Amino acid sequence: MNDDTEILISEDDASPDHRGVMAAALIMAAVGWIGLWILVTSTLPTSLPRWLFFVLLYVATTGTVLPFVRFLNIRFTREGGTPPAGGVLLRQSIWVGLFVVACAWLQMPRVLNPVIAFFLALSLVLIEFFLRIRERSGDSD
């Protein structure tokens, strides 16, 4: 890694927007995983705990994936370019959380298979791709 890349990453670490998003990710992951552990070990799978399971899985997955999404966005940002805002990082993490919850939902009646998972992931990636294109075209105006 050259010195320019190290400077870019260290400058981005000081970004208050990214620090706030990372703090939110830590809280979301902790609340989600602890809540899931308590829910799974202490309740029966009736209707309310099932809904709570999906909500907690969504929060836990989104919070856990957010640091990885941030790393990938910083790693693949063009040299001299500005990294995406915290809202973009959160949105991309929310897509991953939605994918995991949708897969868990489809697995309950045993209809999830690799083809369905692939096309679900592809549709979410395409939505994010088009949103990023729209944001970039708005930035150049």
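Quick note: structure is the one above.
K.L.:
I'm lost on the side chain of Ser93 in this one. Help?
P.N.:
One can find Ser93 in helix H4 (residues 86–107). Residues contacting Ser93, with those up to four places away along its chain left out, are Thr62, Val65, Leu66 and Val69.

K.L.:
Any chance you could explain H4 here in plain terms?
P.N.:
Side chains that are three or four residues apart share a direction in an α-helix, a result of its 3.6 residues per turn. Under the 1.5 Å per step criterion, the end-to-end length of H4 is 32 Å for 22 residues, consistent within 8% with the ideal 32 Å. Listed as buried for H4 are Gly86, Val88, Leu89, Arg91, Gln92, Ser93, Trp95, Gly97, Val101 and Cys103.

K.L.:
Would you explain the nonpolar core in this entry?
P.N.:
In globular proteins that are soluble, nonpolar side chains generally tend to be buried together. Counting seven residues, the largest nonpolar core consists of Leu36, Leu39, Phe54, Leu56, Leu57, Ala60 and Val101. Elements represented by at least two residues in this core include exactly helix H2 (16–42) and helix H3 (47–75). Of all the elements, H3 adds the most residues to this core, at four residues. Filtering out sequence-adjacent residues up to four positions away, Leu56 remains in contact with Val31, Gly32, Gly35, Leu36 and Leu39.

Criteria and cut-off values
- Residues numbered from 1 in each chain as written.
- Predicted model: local features only at pLDDT ≥ 70, side-chain atom pairs only at ≥ 80, totals over all residues.
- Heavy atoms only, no water.
- Helix = DSSP H or I, 4+ residues; strand = E, 2+ residues; numbered from the N terminus.
- Contact = heavy atoms within 4.5 Å.
- Expected span 1.5 Å × (residues − 1).
- Buried < 20%, exposed > 50% of the residue type's maximum accessible area, 1.4 Å probe, protein only.
- Core = buried A, V, L, I, M, F, W, Y, C linked by side-chain atoms within 4.5 Å.

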